[in-house]
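# Topology and contacts: notes
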Amino acid sequence: MKFACQTLFDLTHTGITGHFKNARMPFVDQTGQLIDSQESWNRARNQQRNLETIVQILSLRTQIFNITDPIKDYTGTRWMFEFETETAGAFGSEDDPVQVLHSDAQGVPMLRDVDHDEIEPFLVTTGPRQNIWFSPVFINTK
């Protein structure tokens, strides 16, 4: 089954993992961002950490695969990506196929970008302060 995730948190797949090493400076991350200081490394690492957190939440109940790299939506305010699971119903019932994702994600701490300090520093899955959305992606099987 295929799903989509959208969030207000920056999920840029930078590929920056591990500890800061000044000897590696300067270099370019997987998205083409120049990493030339501890500050730029920390920003890129936090973007990657947010993506890792979401992937960990999704992986609590089943294996996920075919994860697309997160991209910004047309408004430039949400990051979104798609992923698949082998098991139908892993995240909810036929009536609400993402019900379990809402409960698994609710309240999980996230790292805010300096430019987005108006959002809560944790995942909110419902209500007026919602900052993450999950939905099934229905594929035409004709």
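A short tour of the structure in this document, coming up.

Turning to the packing of aromatic side chains, a few remarks are in order. Two numbers describe a pair of aromatic rings. These are the distance of the centres and the angle of the planes. This structure, assessed with the given rule, holds five aromatic pairs. With a centroid separation of 6.2 Å and 75 degrees between ring planes, the pair formed by Phe 83 and Phe 91 is classed as edge-to-face. Judged by relative accessible area, Phe 83 falls into the buried class, the value being 0%. The class of Phe 91 is buried, set by a relative accessible area of 1%. Linked through ring pairs, Phe 3, Phe 81, Phe 83 and Phe 91 together constitute an aromatic cluster.

Every second residue of strand S6 (residues 79-85) is oriented toward a common face, the buried set being Trp 79, Phe 81, Phe 83 and Thr 85 and the non-buried set Met 80, Glu 82 and Glu 84. In this sheet, S6 lies alongside strand S1 (residues 2-7) in antiparallel orientation, the contact comprising six bridges. Following the sheet pairing, Cys 5 is matched in S6 by Phe 81. Direction of pairing for strand S4 (residues 64-65) relative to S6: antiparallel, over a ladder of two bridges. Considered in S6, the bridge of Phe 65 is made with Glu 84. Note: strand S5 (residues 71-72) against S6, two bridges, orientation antiparallel. When the sheet's bridge partners are listed, Lys 72 is paired in S6 with Trp 79. From the end of S5 to the start of S6, which pair antiparallel, there are six residues, and Gly 76 there has a positive phi angle of about 80 degrees.

The rules behind these values
Residues numbered from 1 in each chain as written. Predicted model: local features only at pLDDT ≥ 70, side-chain atom pairs only at ≥ 80, totals over all residues. Heavy atoms only, no water. Phe/Tyr/Trp six-rings, centres within 6.5 Å; stacked < 30°, edge-to-face > 60°. Buried < 20%, exposed > 50% of the residue type's maximum accessible area, 1.4 Å probe, protein only. Helix = DSSP H or I, 4+ residues; strand = E, 2+ residues; numbered from the N terminus. Pairing = 2+ DSSP bridges.

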